[in-house]
Amino acid sequence: VIDIIPICSGCNSACTFCATKLAKGSVVSFDEEKIVKEIREMHRAGVKEFWLTGQDLACYGLDRSSVSKLPELLERILKEVKGKYFIRLGMMNPRNVLPISSKLLRLLKDERVFKFLHLPVQSGSNRVLRMMNRGYSIEEFVDLVKKFRRHFPNLTLWTDIIVAFPGESEKDFEKSVELVRELCFDYVHVSRFSPHHVTPASRLKQVPTHVAKERSRRLASVVRELAIRQNSLWLGWRGEALIDEYNSRHRCFIARNHAYKPIAIKRSPWLRLGQWVEVEVIGYLHSCLLGRLVKR
């Protein structure tokens with residue numbers, strides 16, 4: 001049902017906490033023709049959901065140009081691969097999304113593209129972002145998110161935040177909490193800073209472990225609270241979704257709607273992976289929506 005397609009490898013950034021570039025090297029973009037061909041052939045074989053992936057998806061084409069060619073690739077896929085399917089865009093550094101945001105907005109209007117973005121902000125403090133060498137400001141990030149949400153109010157938004165980065169003060173941390181509350185992310189991956197010996201940040205004075213644990217716990221609590229609130233907004237929603245997963249632990253199917261929201265549906269003898277179904281959201285948890293089938 002799902003095909004995972006790497007479109008690039010490596011990174012064009014130099015974040016002080018990350019060893020990805022040292023491990024993967026500078027960005028290398030894979031052949032556009034081969035990417036489109038794989039999606040076309042796999043769709044013919046029955047695949048209905050395509051994940052475009054890379055260390056930073058918005059890096060695509062930056063090895064050959066000063067501006068990402070991701071919009072051009074996506075436009076070609078949508079034009080040349082006919083039929084019914086979903087495309088999910090993977091993680092993108094906000095720094096590289098900013099120059100192509102208007103083009104991406106236009107392409108997200110296509111019903112075959114999930115209204116979903118994963119934009120790792122990493123901190124709510126401009127001071128910490130500068131120490132991280134992220135290449136954008138909080139103001140630019142907030143404007144970017146609001147720009148997408150003006151066009152897609154039910155956009156599903158994921159982000160990553162590192163707590164206890166070396167030199168992060170209590171005030172810096174509170175700015176991260178404020179940002180999370182302001183933008184109401186659907187999901188936030190919260191991680192405590194972990195030094196890697198080859199990175200510049202590893203040589204800085206570390207935040208005490210007990211402080212890092214406490215900040216991680218506090219932010220995770222806020223994230224869970226907001227996830228429940230965000231999911232509650234879908235109560236009563238009714239529409240089409242694609243069954244792309246089976247949860248053996250809870251014995252239920254997981255369907256994804258146009259915003260990539262997971263909707264848990266009770267197992268039924270006639271349900272199968274890859275099936276399009278009409279569902280209604282009748283409940284929610286912090287991790288997913290709860291749905292019932294409207295019709296076969």
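Look up a bit, the structure's there.
Residues numbered from 1 in each chain as written. Predicted model: local features only at pLDDT ≥ 70, side-chain atom pairs only at ≥ 80, totals over all residues. Heavy atoms only, no water.

## Observations regarding helix α2 (residues 32-44)
Since one α-helical turn is 3.6 residues long, residues separated by three or four positions face the same way.
Phase 1: Here α2 spans 19 Å end to end across 13 residues, near enough to the 18 Å set by a 1.5 Å rise per residue.
Phase 2: Every buried residue belonging to α2 is among Ile35, Val36, Ile39 and His43, and all of these are buried. Viewed end-on, α2 has its buried residues packed into an arc of 95°, placing them on one side of the element. Exposed residues on α2 whose side chains face more than 90 degrees from its buried face are Lys34 and Arg44.
Phase 3: The inward-facing, buried residues of α2 contact β1 (2-6), β4 (49-53) and α3 (70-80). (Helix = DSSP H or I, 4+ residues; strand = E, 2+ residues; numbered from the N terminus. Expected span 1.5 Å × (residues − 1). Buried < 20%, exposed > 50% of the residue type's maximum accessible area, 1.4 Å probe, protein only. Arc of directions from axis to C-beta. Contact = heavy atoms within 4.5 Å.)

## A closer look at the pattern of salt bridges
Phase 1: For the structure shown, the criterion picks out 21 salt bridges.
Phase 2: The partner of Glu170 in a salt bridge is Arg215, with the nearest N and O atoms 3.5 Å apart. Of this pair, Glu170 sits in helix α8 (residues 170-183) while Arg215 sits in helix α9 (residues 209-232), placing them 45 residues apart in sequence.
Phase 3: A relative accessible area of 35% means that Glu170 is categorised as partly exposed.
Phase 4: Connected through salt bridges with shared partners, the residues Glu32, Glu33, Arg40, Arg76 and Glu80 form a single ionic network. (Salt bridge = Lys/Arg side-chain N within 4 Å of Asp/Glu carboxyl O.)

## Quick notes on α9
Phase 1: An ideal rise of 1.5 Å per residue puts 34 Å on 24 residues; α9 measures up with 35 Å between its terminal C-alpha atoms.
Phase 2: All of the buried residues in α9 are Ala212, Arg215, Ser216, Leu219, Val222, Val223, Leu226, Ala227, Gln230 and Asn231.
Phase 3: Tucked into the core, α9 has its buried residues touching α7 (138-151), β7 (156-163), α8, β8 (187-192), β12 (276-284) and β13 (289-295).

## As for the environment of Gly90
Phase 1: In this structure, Gly90 sits in the loop between β5 (86-89) and α4 (94-97).
Phase 2: Relative accessible area serves as the criterion here: at 6%, Gly90 is assigned to the buried category.
Phase 3: Along the sequence, Gly90 and Tyr284 sit 194 residues apart, while their C-alpha atoms lie 25 Å from each other.
Phase 4: The residues contacting Gly90, other than those within four sequence positions of it, are Leu52, Leu57 and His118.

## Structural notes on the packing of aromatic side chains
The description of an aromatic ring pair uses the distance of the two centres, along with the angle that the planes make with each other.
Phase 1: Considering all chains together, one arrives at 14 aromatic pairs under this definition.
Phase 2: Between Phe116 and Tyr260, the ring centres sit 5.0 Å apart and the planes meet at 55°, which makes this aromatic pair tilted. Taken together, the residues Phe116 in strand β6 (residues 116-118) and Tyr260 in the loop between β10 (252-256) and β11 (262-266) connect sequence positions 144 residues apart.
Phase 3: By relative accessible area, which is 2% here, Phe116 ends up buried.
Phase 4: The class of Tyr260 is buried, set by a relative accessible area of 3%.
Phase 5: Through a chain of ring-to-ring contacts, three or more aromatic side chains come together here, namely Phe86, Phe114, Phe116, Trp158, Tyr187, Tyr260 and Trp276.
Phase 6: Note that Arg256 overlies the ring of Tyr260, its terminal NZ or CZ placed 4.0 Å from the centroid. (Phe/Tyr/Trp six-rings, centres within 6.5 Å; stacked < 30°, edge-to-face > 60°. Lys NZ or Arg CZ within 6 Å of the ring centre and 35° of its normal.)

## Notes on the sheet that holds β11
Sheet strands associate in pairs through backbone hydrogen bonding, adopting either a parallel or an antiparallel arrangement.
Phase 1: As summarised here, the arrangement of the 5 strands in space is β9-β10-β11-β13-β12, forming a closed barrel in which the pairing is mixed. The sheet shows a mean angle of 55° between the axes of neighbouring strands, taken without regard to direction.
Phase 2: Across 5 bridges, strand β9 (residues 238-247) lies against β12 in antiparallel orientation. Residue pairing for β12: Glu240 is matched across the bridge by Glu278. (Pairing = 2+ DSSP bridges. Axes fitted to C-alpha atoms, helices over the stretch in contact; angles between N-to-C directions.)

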